[in-house]
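Working through the structure, step by step
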Amino acid sequence: MKRGVLYKCLVGILCLAMLIPGTVFGEFNEYEPFGDIGYKDEQLSSIAKGAVVLRADNNLYYYDNVGASFSTNAEIYPYLDTDGLCAPVESILKSFGYTTKVSGENLRAIKDGRQVEFSTNEKAFKAHMCHGLLYAAVSEIAAALGMEYYDNGTVGVIGKNADIPKITDESAEKLSAGLAYKWDNVHLGALGYITTLVTHPKDSELLYAVTDVGGLYKLDRANNKFVQLLTSAPYQISGVKAVRGAAIDPNDEGVIYITAGRWSINNKGGIFKSTDKGSVWRKLNFPNDVNVGQGNAVSSRMAASNIFVDPVNGNIVYANTVGSGLWRSEDAGETWAKVSGIPDSFNGLDGTFVYIDGHEKAGDRARYVFAGFSGGGLVMSSDGGKTFKTVPGAPTRPFDMVYSDGGYYVTGNGYEKDGELVGFFRFENGEWQDRTPISNGQRHIAGFIAIDPKDKNHILLGGAPFQASRIFSTNDAGKTWSEYGSFGDVSELTFDPIEEDGLWLPFGAGIKYIDNYKSETKA
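One structure accompanies this document, and this report is about it. Note that the structure is predicted; figures quoted are calculated from it, not measured.

Turning next to the overall build of the chain. A tally of regular secondary structure across the chain gives six helices and 47 strands. Looking at the 523 residues of the chain, the share that counts as buried comes to 55%. Across the chain, the fraction of contacts at a sequence separation of at least 24, relative to all contacts at a separation of at least 6, is 50%. As displayed, the chain offers around 22100 Å² of accessible surface, 46% of which is attributable to carbon and sulfur atoms.

Shown next as structure tokens:
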């Protein structure tokens, strides 16, 4: 890599483009069918007649071999869920000639005296809300209409033809051939701050970039670019771009969790998991009314991750929330429960981060677990999460935490003028040591911590987010400091796991990479 490469991939505006070769559009929602491609077979022609054919991640669908769109909003499309392929209910019912009426989370439809109802409650055919629309599984829609269906997770077909359940994967591809071309995002980048970077101890190639409104990216080292991971996933995650936190499983390089939502104060987000380094995502069963992924709607989004995997036991995952305390899963994210025993004084506070280091064990898990709360400080467990207590003397608004050489480094990022404890500290054997850099008589309001993997005493210390961050450097674990430089509103510091002396500096307008930070001229 070249020195000072500035990755512009995380700046810009998302646009939409459609690429359908050989097709001329009259109206947006209608076009000539791809019959010559897919329907030469008589049986397929019979199936297509009077049937809806849809495809995962595609805004377009066929009814009776004529194209239509689910919505002018290109993010409205079928997606694969645990119930199978799910699609917008109203569009499909209207295609079959039903008159529909939607009221909140209920939809009633009638045709020739036959009435069906979909709802999020248990009194009707099962549905759920996505993008403000009622979605239901293909199988559920077919059952409501008394029709046959086919669903292979990519292609769905609903109709009256008895041959539909006998469709093969090959036939399904032919039926949906034209739908293989779809609306998608032009690769111009994302929006917002790059709040943090995540690496993996077992796979040095892995480097994830978290953004507060622009999704999640992974570094493609071979092509020297970052690749968006949330554009081709099902709606439940592709509609979600405000990523609050990210956590890898140190013992499984395929696993990554994110807490994410939309960039609205009213959207509480959810927890999502991938087991293949971000190619396929699944929304986990975390309570919808608990605010865990508000993205850029909360100031703590710039702090360390609010989700963390136990490095000793990958089945144990913690998530810190906004106002609803600390939560834990003991089955790799399948089920969650609120952690009991957190002191009452922390109720209602914004959870900033979770940190587990794993240097000591308590049975089958890490012994020490920490959680930060903005305005409240730190809580810790020293028995593997059975009990928690307040850590006296901790920074008021803990921002980042790292274990090294028998102790913990913690930063406090707040308002000293309001009496809040800010700076850089070491916590060891229950005692706090203040190692905050002092410049021009002022304490450094510290941000992220980066410990040199080759030298535990060499530490880089970032500053407060949203400001022209001054970066300090120490070679004696914080006893003395020198100013390394200022590189704009830097939000994170990460030593490159492959390139010796490589340093990543994400900020509000991209990511700067320095290939030899020791000799780089200070900005």
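Back to the write-up after that little detour.
Overall, the coordinates contain three cavities of 30 Å³ or more when judged by the stated rule. Reported here for the second largest cavity is a volume of approximately 40 Å³. Asp-452, Lys-454, Phe-495, Asp-496, Glu-499, Asp-501, Gly-502 and Tyr-517 are the residues that line the second largest cavity. Residue composition of the lining of the second largest cavity, grouped by class: two nonpolar, one polar and five charged.

The next thing to look at is the pattern of salt bridges. Scanning all chains against the criterion turns up 17 salt bridges. Here Glu-360 and Arg-367 are joined by a salt bridge, their closest N and O atoms 2.8 Å apart. According to the relative accessible area criterion, Glu-360 is partly exposed, its value standing at 30%. Between Arg-443 and Asp-434 there is a salt bridge, with its nearest N and O atoms 2.8 Å apart.

Glancing now at the layout of surface pockets. Volume-wise, the largest pocket comes out at about 1200 Å³. Forming the boundary of the largest pocket are 40 residues, of which Leu-197, Thr-199, Phe-308, Tyr-355 and Val-402 lie nearest the centre. Only strand 17 (194-199), strand 21 (242-249), strand 25 (307-309), strand 29 (350-356), strand 35 (398-404), strand 41 (446-451) and strand 45 (494-495) provide two or more residues apiece to the lining of the largest pocket. Ranked by residue count, the leading element in the lining of the largest pocket is strand 35, at five residues. Split by residue class, the lining of the largest pocket holds 27 nonpolar, six polar and seven charged.

Looking now at the sheet that holds strand 41. With antiparallel pairing, four strands are arranged side by side in an open sheet as 41-42-43-44. Strand pairing shows two members of the sheet lacking a second neighbour, strand 41 and strand 44 (482-486), which therefore form its edges. Pairs of neighbouring strands in the sheet enclose a mean axial angle of 25°, with direction left out of account. Pairing of strand 41 with strand 42 (residues 459-463), which is carried by four bridges, proceeds in the antiparallel orientation. Across the sheet, Ala-446 pairs through a bridge with Gly-463, a residue of strand 42.

By the criterion of burial, strand 13 (residues 133-137) is predominantly enclosed, with four of the five residues buried. Where strand 7 (residues 84-88) lies against strand 13, three bridges are found, and the strand directions are antiparallel. Counterpart to Cys-86 in the pairing with strand 13 is Ala-137. Sheet topology note: the strand 12 (residues 128-130)/strand 13 ladder contains three bridges and is antiparallel. Its bridge partner lying in strand 13, His-128 is registered against Tyr-135. Counted along the chain from strand 12 to the antiparallel partner strand 13, the turn is two residues long, and its residue His-131 has a positive phi close to 55°.

Further remarks concern the sheet that holds strand 21. Ordered by their spatial adjacency, four strands build an open sheet running 21-22-23-24, and the pairing between neighbours is antiparallel. The outermost strands of the open sheet, each flanked by one partner alone, are strand 21 and strand 24 (282-283). Where strand 21 meets strand 22 (residues 252-261), seven bridges bridge the pair, whose relative direction is antiparallel. By the bridge assignment, Ala-247 is partnered in strand 22 with Tyr-257.

Our focus in this paragraph is unusual backbone geometry. A positive phi is found at Asp-112, a non-glycine position, where the angle reads about 50°. Relative to the assigned elements, Asp-112 resides in the loop between strand 9 (106-111) and strand 10 (114-119). On the accessibility criterion, Asp-112 (76% relative accessible area) is exposed. Unlike most non-glycine residues, Asn-440 shows phi in positive territory, near 55°.

Here we take up the side chain of Asn-59. Note on placement: Asn-59 falls in the loop between strand 3 (52-55) and strand 4 (60-63). Under the relative-accessibility criterion, Asn-59 is labelled buried at 1%. There is a polar contact of 3.2 Å between the side chain of Asn-59 and the backbone oxygen of Ser-71.

Here we come to the nonpolar core. Leu-54, Ile-92, Leu-93 and Phe-118 are the most contacted members of the largest nonpolar core, which totals 33 residues. Mapped onto this core, the elements with two or more residues apiece are strand 3, strand 7, helix 3 (89-95), strand 9, strand 10, strand 13 and helix 4 (138-145). Here the element with the most residues in this core is helix 4; it accounts for five residues. If you look at the next biggest cluster of nonpolar residues, it comprises 29 residues, including Ala-304, Tyr-409, Ile-449 and Ile-459.

We now examine the packing of aromatic side chains. All chains considered together, the criterion is met by 18 aromatic pairs. Aromatic pair Phe-427 and Trp-432: ring centres 4.6 Å apart, planes at 35°, arrangement tilted. Judged by its relative accessible area of 8%, Phe-427 is buried. Among the aromatic residues, ring-to-ring pairing joins Phe-308, Tyr-355, Phe-370, Tyr-403 and Tyr-408 into one connected group.

Checked against the element boundaries, Ala-242 lands in strand 21. A sequence separation of 32 residues divides Ala-242 from Val-210, and the C-alpha atoms of the two residues are 8.9 Å apart.

Turning next to the environment of Gly-67. One can find Gly-67 in strand 5 (residues 66-69). For Gly-67, a relative accessible area of 3% gives the class buried. Sequence spacing of Gly-67 and Leu-179 is 112 residues, and the spatial spacing of their C-alpha atoms is 9.1 Å.

Cut-offs and rules
Residues numbered from 1 in each chain as written. Predicted model: local features only at pLDDT ≥ 70, side-chain atom pairs only at ≥ 80, totals over all residues. Heavy atoms only, no water. Helix = DSSP H or I, 4+ residues; strand = E, 2+ residues; numbered from the N terminus. Buried < 20%, exposed > 50% of the residue type's maximum accessible area, 1.4 Å probe, protein only. Contact = heavy atoms within 4.5 Å. Areas by Shrake-Rupley, 256 points an atom, 1.4 Å probe, with all protein chains shown as cover. 1 Å grid on protein atoms, 1.4 Å probe; cavity = no way out; pocket = protein on both sides within 12 Å on 5 of 7 lines; lining within 4 Å. Points joined across faces, edges and corners; volume = space filled by probe spheres on them. Nonpolar A, V, L, I, M, F, W, Y, C, P; charged D, E, K, R; others polar. Salt bridge = Lys/Arg side-chain N within 4 Å of Asp/Glu carboxyl O. Pairing = 2+ DSSP bridges. Axes fitted to C-alpha atoms, helices over the stretch in contact; angles between N-to-C directions. Polar contact = N/O pair within 3.5 Å; in protein donor to acceptor, adjacent residues only side chain to side chain. Core = buried A, V, L, I, M, F, W, Y, C linked by side-chain atoms within 4.5 Å. Phe/Tyr/Trp six-rings, centres within 6.5 Å; stacked < 30°, edge-to-face > 60°.

Nothing here speaks to function; it is geometry throughout.
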